[in-house]
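So the chains spell out like this:
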Amino acid sequence: MEIKDALIKHNFKFKKSLGQNFISDTNLLIAIAKDALVNSEDTVVEVGAGAGALTRILCERAKRVIIYEIDRALEPVLKETLKDFNNYEIIYKDILKVSAEEIKEKVNGAFKVVANLPYYITTPVIMKFLESDLELTSLTVMVQKEVARRLTAKENTEDYGSITLAVKLKGEAKITREVSRKLFFPPPNVDSAVVTIVANSQKYECDNMDLLKRLIRAGFQMRRKTLSNNISAEFGVTKEIATNAIVRAGYDLNIRGEALNLNDYINIAGVLFKE
């Protein structure tokens, strides 16, 4: 049965509050699964099954598919659209309220995340998985194009920010394709993009990751101010101490946070936190 037919049959009402915009274009859905390199040995976690269009593709390709769906009103629709498969489990919970321990128990090993994420939970969901101690290998997610640019931005660009580096700290992100709003129903007000993040939490080393993350956030809090000003405001140290740390790490005293890459922040952290 076609996705739209199943939705009509079960009189499903879209909920704007849950960011429900579904995709039915089969070629696009197959492309998303290919971007994620899903194969017959994989366990896949999907966040927000919607009507099950992407879920069907994942079930065809993966060994197991574990779905977290917040809207129980979709249960009869999903039973119909997924009736040809038996390698999936649907958990009707808000993924942001599910503990890492519960996810670990369900996946029982390494897994990939593949999802058409509701825009309003994009960043929290991505960071929930990246910052966990789960055996995540990759995330391939459909997100708002503007968010995709932020996740993959380069230094000294408008989209570059703390979220760029928070993701970089845990993996490598790239945009694999752009998606027109016309391919969704109901169509959202913006275009989307597919982003794949290959997880690698061991790539960067820092003595104090929590302070490093705080330093990164400080670097972008007031973009027009120098990094030394932002460090002084965030950590409650004098501007002289902040400036000395930046210069001792090998950078111009008037450098701004948006000009630095992740290794630069790690270098400055290594000096600043020993002051």
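Residues numbered from 1 in each chain as written. Predicted model: local features only at pLDDT ≥ 70, side-chain atom pairs only at ≥ 80, totals over all residues. Heavy atoms only, no water.

Caption draft 1: How the structure looks around the overall build of the protein chain. Along the backbone of the protein chain there are twelve helices and nine strands. Viewed in the frame of its principal axes, the protein chain has a C-alpha envelope of about 70 × 40 × 30 Å. Per-residue burial for the protein chain yields a buried fraction of 48% across its 275 residues. Here the analysis covers contacts within the protein chain between residues at least 6 apart in sequence; of these, 66% occur between residues at least 24 apart. On the protein chain, roughly 13600 Å² of surface is accessible, and the fraction owed to carbon and sulfur atoms is 45%. (Helix = DSSP H or I, 4+ residues; strand = E, 2+ residues; numbered from the N terminus. Buried < 20%, exposed > 50% of the residue type's maximum accessible area, 1.4 Å probe, protein only. Contact = heavy atoms within 4.5 Å. Areas by Shrake-Rupley, 256 points an atom, 1.4 Å probe, with all protein chains shown as cover.)

Caption draft 2: Quick peek at the side chain of Ser192. Residue position: Ser192 is located in strand E9 (residues 192-199). Ser192 has contacts with Tyr119, Met142, Val143, Gln144, Lys145, Glu178, Val179 and Phe184, leaving out every residue within four places of it along the chain.

Caption draft 3: A look at the environment of Lys213. Looking at the element boundaries, Lys213 is found in helix H9 (residues 209-221). Lys213 gets classed as partly exposed once you look at its relative accessible area, which sits at 22%. In the structure, Lys213 is positioned 25 residues away from Thr238 in sequence and 20 Å away in space, judged by C-alpha atoms. Residues contacting Lys213, with those up to four places away along its chain left out, are Glu131 and Leu169.

Caption draft 4: How the structure looks around the nonpolar core. Counting 31 residues, the largest nonpolar core has Val45, Ile126 and Phe129 as its most contacted members. If you tally residues by element for this core, the top one is helix H6 (residues 122-130), at five residues. With residues near it in sequence (within four places) discarded, Ile126 still touches Leu117, Leu139, Val141, Leu151, Val167 and Ile197. Of all hydrophobic cores here, the second largest spans 28 residues; its members include Leu29, Ala62, Val65 and Phe184. (Core = buried A, V, L, I, M, F, W, Y, C linked by side-chain atoms within 4.5 Å.)

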